[in-house]
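Listed below, chain by chain, are the residues.
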Amino acid sequence: QSAYGANEPRRGSLPPPSRRRPAAGAPPAPGRRAARLRAAPRAAPHLRPRAPLPQLHPPPPPRLLLRPLPLPPPPAPPMLPTAAHTAFLANSLLLAHLPSAPPLYSLLFLASPPLLRPNEFTYPALLRASPPRTALALATHSLKFLGAGAASSDRVLGSALLDAFARCGRIASCRRVFDRIAEPDLPAWNALLTAYARRARDSSCAGEAAEILELFARMVSSTVPPNEITLVAVVGACGELGALGHGLWAHAYALKRRLTVNCYVATALVEMYTRCGKMDLAEQVFAGVTDMDTCCYNAMLQGLAFHGHGRVALTLFDRMCAEGFPVDSVTVLAVMCACAHAGLVDEGQWLFDRMEIQFGVTPRIEHYGCMVDILGRAGHLDVAEKLIRGMDITPNAAMYRSLIRACGIHGKLEIGERMIQELMRLEPEHSGNYVLLSNFYARMKLWEDAKKARKEMKAMGIDKSPGSSLLDINGVLHEFLMGDKTHPASREIYAMIQEIQARLKECGHRPSTTAVMFNVEEEDKVGALSYHSERLAIAFALIASSPGAPIRIIKNLRVCSDCHESTKLVSRVYGREIIMRDRTRFHHFRDGHCSCGDFW
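In this text, all values refer to a predicted model and were calculated from it rather than measured experimentally.

So, how was this worked out
Residues numbered from 1 in each chain as written. Predicted model: local features only at pLDDT ≥ 70, side-chain atom pairs only at ≥ 80, totals over all residues. Heavy atoms only, no water. Pairing = 2+ DSSP bridges. Helix = DSSP H or I, 4+ residues; strand = E, 2+ residues; numbered from the N terminus. Salt bridge = Lys/Arg side-chain N within 4 Å of Asp/Glu carboxyl O. Buried < 20%, exposed > 50% of the residue type's maximum accessible area, 1.4 Å probe, protein only. Phe/Tyr/Trp six-rings, centres within 6.5 Å; stacked < 30°, edge-to-face > 60°. Lys NZ or Arg CZ within 6 Å of the ring centre and 35° of its normal.

Visitor: Help me understand the sheet that holds strand E1 (residues 468-473) in this model?
Guide: Across a sheet, strands are paired by hydrogen bonds formed along the backbone, either parallel or antiparallel in direction. Spatially, six strands are ordered E2-E1-E3-E4-E5-E6 in an open sheet, and the strand pairing comes out mixed. Edge strands, defined here as strands with exactly one partner in the open sheet, are strand E2 (476-481) and strand E6 (593-594). Here strand E5 (residues 586-590) pairs with E6 via two bridges, running antiparallel. Each bridged residue has a counterpart across the sheet, and for Arg-590 the counterpart in E6 is His-593.

Below, the structure is given as structure tokens:
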């Protein structure tokens, strides 16, 4: 019992089940079994065992209309760069820095020790983008790193090496590289032909020009078809040799193969025909040019000057200016040369005075030399000497030679001797200077001074350049030297010379022996004159060519006065037109007259 009575329950305790009142709306009390279960102690909710969930099968995946793409493979582990990779990256870096890549090339490949080693892809672009001296050094490095046989297996590298050596004038190196290429392609052929053409143009050497024609014959017989670049080189060689037959064949070949006669090809054809003495064909090509430019005009102006057509050259120059073509230094020089050969002193002086003001062309040493030549030919020797003394540019030897020659023609001994002193100060060992001195003193009839010049030349061991003449007969080139007896028909040639000499003597011709003062010692001077190279060529042409056919001769030196006079008589006596090209101009001999008007 509690303090509150035996029948009262304690606070906080529940009344017995029998005495509880059911709540309103509660369900009826359960039975005795339920009461016992309710009276049993209950476990905590988190300790009660839970019934396992029923095992349900997962729903099937939805059907897709498209197949899922396969997942990409996992990335490969990074690889270290190989030598080929680093060379490729280095070549790409060099290409990105062109044309300023040579310093970077030195840093990558020429360090000590070198960072990388170049391969065959390193050099072609570098060689073509570099100036000649740098290209030559790079070409030498390529042969060192890659070996001499690398060009034979890689045509791109071989063509680039050929071009680099060609720009530097290394013809022998060009030929060695070319000969190692088993099957040269078109760029290789063009590079070699262009190298020979550049050498022939710069040195006026017939050997390189003849080699071009031989190489072109090999190229045509191979499976490599020529293109416009090939044609420019071949046509230029024909012009240098005066080989009109070969030039006509090359022009016909280009037309037959439908090669494009653009401004470059047209310029080469104009130069070839003018240098072969066919001004009519040069004018025909020039008139048919559709994409005319300044270079094509310059070629035609130079041809007109070379043939002494001064007035025609001035007319063409006016037309060029009227059509708006730019005038450059070559244009002015060509027109001034035309004025010099035609004796147009005032026109040449006007152009020289106005070239910088009106045409924006700064006078160069060539323009001053041409102006001296114009004044000297006309006999204005004092004015020519004053021009030389007052030049802003240092005079060269060619200017002094021109004035010395003019002094010999006009008999000005004092001015000539002053120019001789200046010339020998500049070029004391040039063989042509001693020849000029001897001829000058011979014209002045100072025989002892002429002999002294010859003895000084011999004492110094200086050899005179031999005079030679080229003759084209039915497409075959014949070369003659003075007193040459190596030709297969030399017996017939010398017999014809005796006949020519007799017929000229009947016409009153008296040889001028002053021209041979330097060439012989004790030999008969008249006989020596008869055996000059151009006379041998004329004699063979009279034997071997068809009657009435023009005779075309290319001479490497200036024609002497006696050969000039005798050739005029030969053209009249034998009724043949003789076209002779010497170092300075063309001479058209016809019916006893020359196109130069005895002014050359």
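Visitor: Would you explain the pattern of salt bridges in this entry?
Guide: Where charged atoms from two side chains of opposite charge come close, those side chains can pair. Per the stated rule, a full pass over the model turns up 19 salt bridges. In this structure, Arg-155 engages Glu-183 in a salt bridge whose closest nitrogen and oxygen atoms are separated by 3.5 Å. With a gap of 28 residues between them, Arg-155 in helix H7 (residues 155-167) and Glu-183 in the loop between helix H8 (171-180) and helix H9 (186-203) connect regions that are remote in the sequence. What makes Arg-155 partly exposed here is its relative accessible area of 40%. Glu-385 is the salt-bridge partner of Arg-418, the closest N and O atoms lying 2.9 Å from each other. Of this pair, Arg-418 sits in helix H22 (residues 413-426) while Glu-385 is found in helix H20 (residues 381-389), placing the two residues 33 residues apart along the sequence. Assessed through its relative accessible area of 34%, Arg-418 is described here as partly exposed. Via salt bridges that share partners, Glu-385, Arg-389, Arg-418, Glu-422 and Arg-425 belong to a single interconnected network.

Visitor: Looking at this structure, how should I read the packing of aromatic side chains?
Guide: For any pair of aromatic rings, the description rests on two quantities: the centre-to-centre distance and the angle between the ring planes. Inspection of every chain in the model, using the stated rule, returns 14 aromatic pairs. Ring centres of Tyr-105 and Tyr-123 lie 5.8 Å apart, and the angle between their planes is 65°; this geometry places the pair in the edge-to-face category. Here Tyr-105, found in helix H3 (residues 102-109), pairs with Tyr-123, found in helix H4 (residues 123-129); they are 18 residues apart in sequence, far enough to count as distant. Seen from their ring centres, Phe-352 and Tyr-368 are 5.3 Å apart, and the 75° between their planes marks the pair as edge-to-face. Pair noted here: Phe-352 is in helix H18 (residues 345-359) and Tyr-368 is in helix H19 (residues 365-377), with a separation of 16 residues, a long-range link. For Phe-352, a relative accessible area of 11% gives the class buried. Among the aromatic residues, those joined into a cluster by ring pairs are Tyr-105, Phe-109 and Tyr-123. Across from the ring centre of Tyr-494, 5.5 Å away, lies the NZ or CZ of Lys-485, which sits over that ring. Lying across the ring of Tyr-574, Arg-503 places its NZ or CZ 4.6 Å from the centre.

So, to be careful, I would describe these as geometric facts and stop short of saying anything about function.
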